[in-house]
Amino acid sequence: DAVSAEMKAARFSGTSGVVKLLDNGDRSGEGIEYAIENWKATGPGGALEPTIIGLWHSERGYEWADVPVWPGNAVGWDAIPRGIALCPPGTQFDFDLNECGECPLGTVSTGIQCVPCELGKVAPERGMVKCLDCVGGYAGATGMSACTKCPENSEVPSGSPATSPAYCACLPGSYMVNALQDNATLSSGGGQNASAGASGGGR
């Protein structure tokens, strides 16, 4: 136990910065530093060699010393070739900060660009990689982070597209007044479209 305690209390410098151990024995994120290399040609038609263009520090973030060169000899942050993923899934590259940032609510990313969820799907958390199907409710617009609830005593049946209130149907044993008809229509288990009328909701 004494040896373990001494090891956990020790701090030393390694190739990636200061090394400090947590109580569980894992390395602390404090003081970690990585060099960011970019393969650049030594001259016209010359061989490619790795060149350090910046650093990433666990506390200070990115620190850039030079701009990158991309395949095809495109130079700079504004010249990133289409389809190259610079960031982990659920994030996208921020050209103002020159770093990866989490996708906002209602969007997802495979690491290239945050895109809004399609109709019928939502992204309720930041940094998601896949939109989720609406359950019970619907998503009538792109880029939604939460499903819209159906009128009282109705829901979107499983397997329906869930892209608009037109897919809301009465729950079994419920009925809904149809504003387009003179009389109330009884539903025997979801047959009457809930979006066609006002929310009667009686049983």
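It should be noted that the structure appears before, not after, this text.
What counts as what
Residues numbered from 1 in each chain as written. Predicted model: local features only at pLDDT ≥ 70, side-chain atom pairs only at ≥ 80, totals over all residues. Heavy atoms only, no water. 1 Å grid on protein atoms, 1.4 Å probe; cavity = no way out; pocket = protein on both sides within 12 Å on 5 of 7 lines; lining within 4 Å. Points joined across faces, edges and corners; volume = space filled by probe spheres on them. Helix = DSSP H or I, 4+ residues; strand = E, 2+ residues; numbered from the N terminus. Nonpolar A, V, L, I, M, F, W, Y, C, P; charged D, E, K, R; others polar. Disulfide = S-S within 2.5 Å. Pairing = 2+ DSSP bridges. Salt bridge = Lys/Arg side-chain N within 4 Å of Asp/Glu carboxyl O. Buried < 20%, exposed > 50% of the residue type's maximum accessible area, 1.4 Å probe, protein only. Contact = heavy atoms within 4.5 Å. Axes fitted to C-alpha atoms, helices over the stretch in contact; angles between N-to-C directions. Polar contact = N/O pair within 3.5 Å; in protein donor to acceptor, adjacent residues only side chain to side chain.

This next bit is on the layout of surface pockets. Volume-wise, the largest pocket comes out at about 380 Å³. The wall of the largest pocket is formed by 21 residues, among which Glu37, Asn38, Pro68, Trp70 and Leu86 lie closest to the centre. Of all elements in the fold, only β3 (33-41), β4 (48-57), β5 (61-64) and β6 (69-70) reach the threshold of two or more residues within the lining of the largest pocket. The leading source of residues in the lining of the largest pocket is β3, at 6 residues. Split by residue class, the lining of the largest pocket holds 16 nonpolar, 3 polar and 2 charged.

Our next topic: the state of the cysteines. Inspection of every chain in the model, using the stated rule, returns 5 disulfides. A disulfide bridge connects Cys103 with Cys114, and the sulfur atoms are separated by 1.9 Å. The sign of the S-S torsion, about -90 degrees, decides the handedness of the disulfide formed by Cys103 and Cys114: left-handed. Taken as a pair, Cys103 in the loop between β9 (99-102) and β10 (107-108) and Cys114 in the loop between β10 and β11 (115-116) lie far apart in primary sequence, 11 residues in all.

We now examine the pairing of β9. Sheet topology note: the strand β8 (residues 91-94)/β9 ladder contains 4 bridges and is antiparallel. Bridge pairing links Thr91 to Glu102 in β9. Connecting β8 to the next strand, β9, in antiparallel fashion are 4 residues, including Asn98 with a positive phi near 55 degrees.

The subject of this paragraph is the pattern of salt bridges. Taken as a whole, this structure holds 5 salt bridges when the rule is applied. Overlapping salt bridges, with partners in common, bring together Glu33, Arg60 and Glu63 in one network.

A few words now on the pairing of β5. Examined bridge by bridge, β4 and β5 share 4 bridges and lie antiparallel to one another. Following the sheet pairing, Gly54 is matched in β5 by Trp64. The antiparallel pairing of β4 with β5 creates a hairpin that spans 3 residues between the two strands.

It is worth spelling out unusual backbone geometry at this point. Even without a glycine there, the phi angle at Asn153 is positive, about 65 degrees. For Asn153, the location among the structural elements is in the loop between β13 (132-133) and β14 (154-155). For Asn153, a relative accessible area of 17% translates into the label buried. A positive phi angle is found at Ala162, which is not glycine, with a value near 60 degrees.

The next subject is the side chain of Ser109. Position of Ser109 relative to the elements: it lies in the loop between β10 and β11. Ser109 has contacts with Pro89, Gly90, Thr91, Cys103, Cys114, Met128 and Val129, leaving out every residue within four places of it along the chain.

This part takes up the sheet that holds β4. The 3 strands are arranged β3-β4-β5 in an open sheet whose pairing can be described as antiparallel. Sheet topology places β3 and β5 at the edges, where each strand pairs with a single neighbour. Each neighbouring strand pair of the sheet contributes to a mean axis angle of 35 degrees, computed without reference to strand direction.

Attention shifts here to the side chain of His57. Looking at where His57 falls in the secondary structure, it is placed in strand β4. A relative accessible area of 8% places His57 in the buried class. Of the polar contacts made by the side chain of His57, one reaches the backbone nitrogen of Arg60; its length is 3.4 Å. Once you skip the residues sitting within four places of it in the chain, His57 turns out to touch Gly31, Ile32 and Glu33.

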